[in-house]
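# A closer look at the structure
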Amino acid sequence: MPTQEPYCVGIIQEIGNHYEENIYVNITIPICLVGMILNLLNVLVLTRKTMNSSPNLILAHLAFVDFLYLLTEIVNFWMDFIPPRSGFDIEESYIMTIVFWYSDISSSTFQFISAFLTVQLAAWRYIAVVHPLKERHWCNKKMTRNIVIAGYIVCCVLYAIPYHLSFDIEASTIHGKAHYTVKFDRHPTMNSIRNVTYGLVVKLLLSAVLVGLTSRIVVTLLARKTLREELTSSTSSRSNTKNAKMRQETNRSTAILLAVAALFFIAEFPRGILWLLATINEDDWDTCYYSLVWIFETIININTSITFMVYYTLSQQFRTTSKSLFSRNPCTSVSHQTHAPPALGDTKGTNSFKMENF
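The following paragraphs examine the structure supplied in this document. (Residues numbered from 1 in each chain as written. Predicted model: local features only at pLDDT ≥ 70, side-chain atom pairs only at ≥ 80, totals over all residues. Heavy atoms only, no water.)

### Some thoughts on the side chain of serine 53
By the element assignment, serine 53 lies in the loop between α1 (11-46) and α2 (54-86). The exposure class of serine 53 is buried, given its relative accessible area of 7%. Within the local environment of serine 53, its side chain forms a polar contact with the side chain of asparagine 56, the two groups lying 3.1 Å apart. (Helix = DSSP H or I, 4+ residues; strand = E, 2+ residues; numbered from the N terminus. Buried < 20%, exposed > 50% of the residue type's maximum accessible area, 1.4 Å probe, protein only. Polar contact = N/O pair within 3.5 Å; in protein donor to acceptor, adjacent residues only side chain to side chain.)

### Observations regarding the environment of glutamate 21
Tracing the backbone shows glutamate 21 in helix α1. You can call glutamate 21 exposed: its relative accessible area is 52%.

### Describing a nonpolar patch on the surface
A contiguous nonpolar patch, built from Ile149, Ile153, Val157 and Ile161 and spanning about 360 Å² of accessible area, is present on the exposed surface. Here isoleucine 153 lies in helix α5 (residues 141-165). The exposure class of isoleucine 153 is exposed, given its relative accessible area of 52%. (Patch = residues over 30% accessible without salt bridge, like charges linked within 9 Å, V, L, I, M, F, W, Y side chains within 5 Å. Areas by Shrake-Rupley, 256 points an atom, 1.4 Å probe, with all protein chains shown as cover. Salt bridge = Lys/Arg side-chain N within 4 Å of Asp/Glu carboxyl O.)

### Looking at the packing of aromatic side chains
A complete count under the given rule lists 10 aromatic pairs for this structure. Measuring from ring centre to ring centre gives 5.7 Å for tyrosine 24 and phenylalanine 81, while their planes differ by 50 degrees; the resulting arrangement is tilted. Within this pair, whereas tyrosine 24 is found in helix α1, its partner phenylalanine 81 is found in helix α2, the two being separated by 57 residues in sequence. In textbook terms, an aromatic cluster arises when at least three aromatic residues are bridged by ring pairs, as seen for Tyr24, Phe77, Phe81 and Trp294. (Phe/Tyr/Trp six-rings, centres within 6.5 Å; stacked < 30°, edge-to-face > 60°.)

And the structure:
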């Protein structure tokens, strides 16, 4: 049976090779370092008392996972590019081969966890908008924390373990020196599970779920806007002012979710398509996937690095908390914390999941 022709040939391969050799090697480390710093700032801000809410708990875990992902990306970059250019062969060191192996596993697993948390954030917002009467029970902090922890466990079981079992290290001797090579065919079944989980579940299925949830949220909000405009004329000016403030809070929350969802989709969906095509036709691993993988790596690195700027731009509460946290005037920080909105689940205030803290 004739082999199917590769999808990516010629100019696409040339673009990929040029990007890897001239652009990727020069921008990856700066992007990752800046992203790690910004994600640490995200964690610091999102864990303040003034930001105490279920969605912010998810965003804090998302920032922490993105930090770990960028850290493993630096290790992967060093393994892929630095030793070959310095004349050092990492396959001559068993320890370096182990580090390379587990760094690659960790990087992909963190991507899976990040995708899960992004979808959880969209699901929480979906419940708040479409099923507001159920949000108090489903979206409390205890439930949120439990599902976040379950997400870590499920992602490791579904992906990290099959990934680990699909590889093996083979020792050999070349010119009198020991060489250690990572083999991908230790367990073909586990390798297939890994490929399907990464390409179909992590990249495509979760992207589709995210698009579906955000679309339903937008449709529901637009329908409510139309109904609200019809009822505006019959309400008092005071009520209109209060409703306008609530709409602004809702719009900011939805804008943040849409930004996070768009960044995720742009970064993950195209790579998932290429991954599945390469799984179907193995020739596409070299001709297509590995030719473009560095471009997608950069997109993902940028995506995980700019969330602080997205939150700071779209969220007034995030800006206020950031300024108070890094302000040199302690009175400013105390003032902001004194007038902080009630946290989700606080019996002295509102229990409604409106993402006011964001």
